[in-house]
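# Examining the three-dimensional arrangement
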Amino acid sequence: MWDSDVNRAVLDAADPAPGETLVDIGAGFGPAVVRAAKRGVHAIAVDPTPSMRRVLNLRRLVGRARDEIEVLDGAAESLPLADSSVDAVITVNTMHHWSDPSAAVAEIARVTRPGGRVVLVDELFDDPTHPRFDAEGGYQHHHHHEFIDIDPPDLAARLAAAGFTDTVGDHRRLGGAPVKYVSGRRGDV
Ligand SMILES: C[S@@+](CC[C@H](N)C(=O)[O-])C[C@H]1O[C@@H](n2cnc3c(N)ncnc32)[C@H](O)[C@@H]1O
């Protein structure tokens, strides 16, 4: 919640440079945005849950890189950002919450600048090889009806149709955990 190897690995994969703008969709308590801001990246946290935004705002205020962090109300399907305004889009453990993956892809395509990178990851907590399987796997198993089943190749194809190149959608290990992984680079608009 506060920090995670998977968030670090997703940030490394998106690789925003100092001075670039990153949006973390469903940032939660902000493990990736805090890390990005410390690297001099302008980090925008979007989250639909007021309690998450409250905690991250408090965390922002006590942190050194507070000026680099923005916390906004919004969701994957409705990003409160201007067209072609971000260099990197990431999300960690929110895709299974998305109500409308088509709308989410359209929004991600709208806000990403040409050349911008997208890295979308959901950890597989119900995989017995996940280090937190005992703590989280049972939860997802018993509450499965609340989650949608994102198919990485399908989401990658949707990104390609929306104008992304070098798209990837697969299952892999990242930051020591099994994950669903989707990435791409925005082509010219
Ligand atoms: C399991 S937490 C992950 C938080 C953070 N990304 C992390 O890795 O620690 C899931 C987050 O997704 C947010 N969320 C729920 N529905 C969403 C949606 N449709 N779009 C974006 N975020 C959503 C929740 O408010 C919550 O903060």
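Now for a quick tour of the structure. (Residues numbered from 1 in each chain as written. Predicted model: local features only at pLDDT ≥ 70, side-chain atom pairs only at ≥ 80, totals over all residues. Heavy atoms only, no water.)

### Looking at the packing of helix α4 (residues 101-111) against helix α6 (residues 152-161)
Look at α4 against α6: their axes get within 10 Å of each other, and the N-to-C directions meet at 45°. The orientation of α4 with respect to α6, classified from their angle, is oblique. Along this stretch, α4 crosses α6, giving a crossing that reads as right-handed. Across the interface between the two elements, P101, S102 and V105 from α4 touch L155, R158 and L159 from α6. A class-by-class count of the residues in the contact of α4 with α6 yields 4 nonpolar, 1 polar and 1 charged. (Axes fitted to C-alpha atoms, helices over the stretch in contact; angles between N-to-C directions. Helix = DSSP H or I, 4+ residues; strand = E, 2+ residues; numbered from the N terminus. Parallel < 35°, antiparallel > 145°, perpendicular 65-115°, else oblique. Left-handed = near helix turned anticlockwise from the far one by under 90°. Contact = heavy atoms within 4.5 Å. Nonpolar A, V, L, I, M, F, W, Y, C, P; charged D, E, K, R; others polar.)

### A few points about the pattern of salt bridges
Counting across every chain of the model gives 12 salt bridges. Close ionic contact of D83 with R110 constitutes a salt bridge, the shortest N to O distance being 2.8 Å. Here the residue D83 occupies a position in the loop between β3 (69-73) and β4 (86-92), and R110 occupies one in helix α4, the gap between them amounting to 27 residues. Take D83: its relative accessible area is 53%, and that puts it in the exposed class. Owing to a relative accessible area of 25%, R110 belongs among the partly exposed residues under this scheme. (Salt bridge = Lys/Arg side-chain N within 4 Å of Asp/Glu carboxyl O. Buried < 20%, exposed > 50% of the residue type's maximum accessible area, 1.4 Å probe, protein only.)

Any functional reading would require information that these geometric values do not contain.
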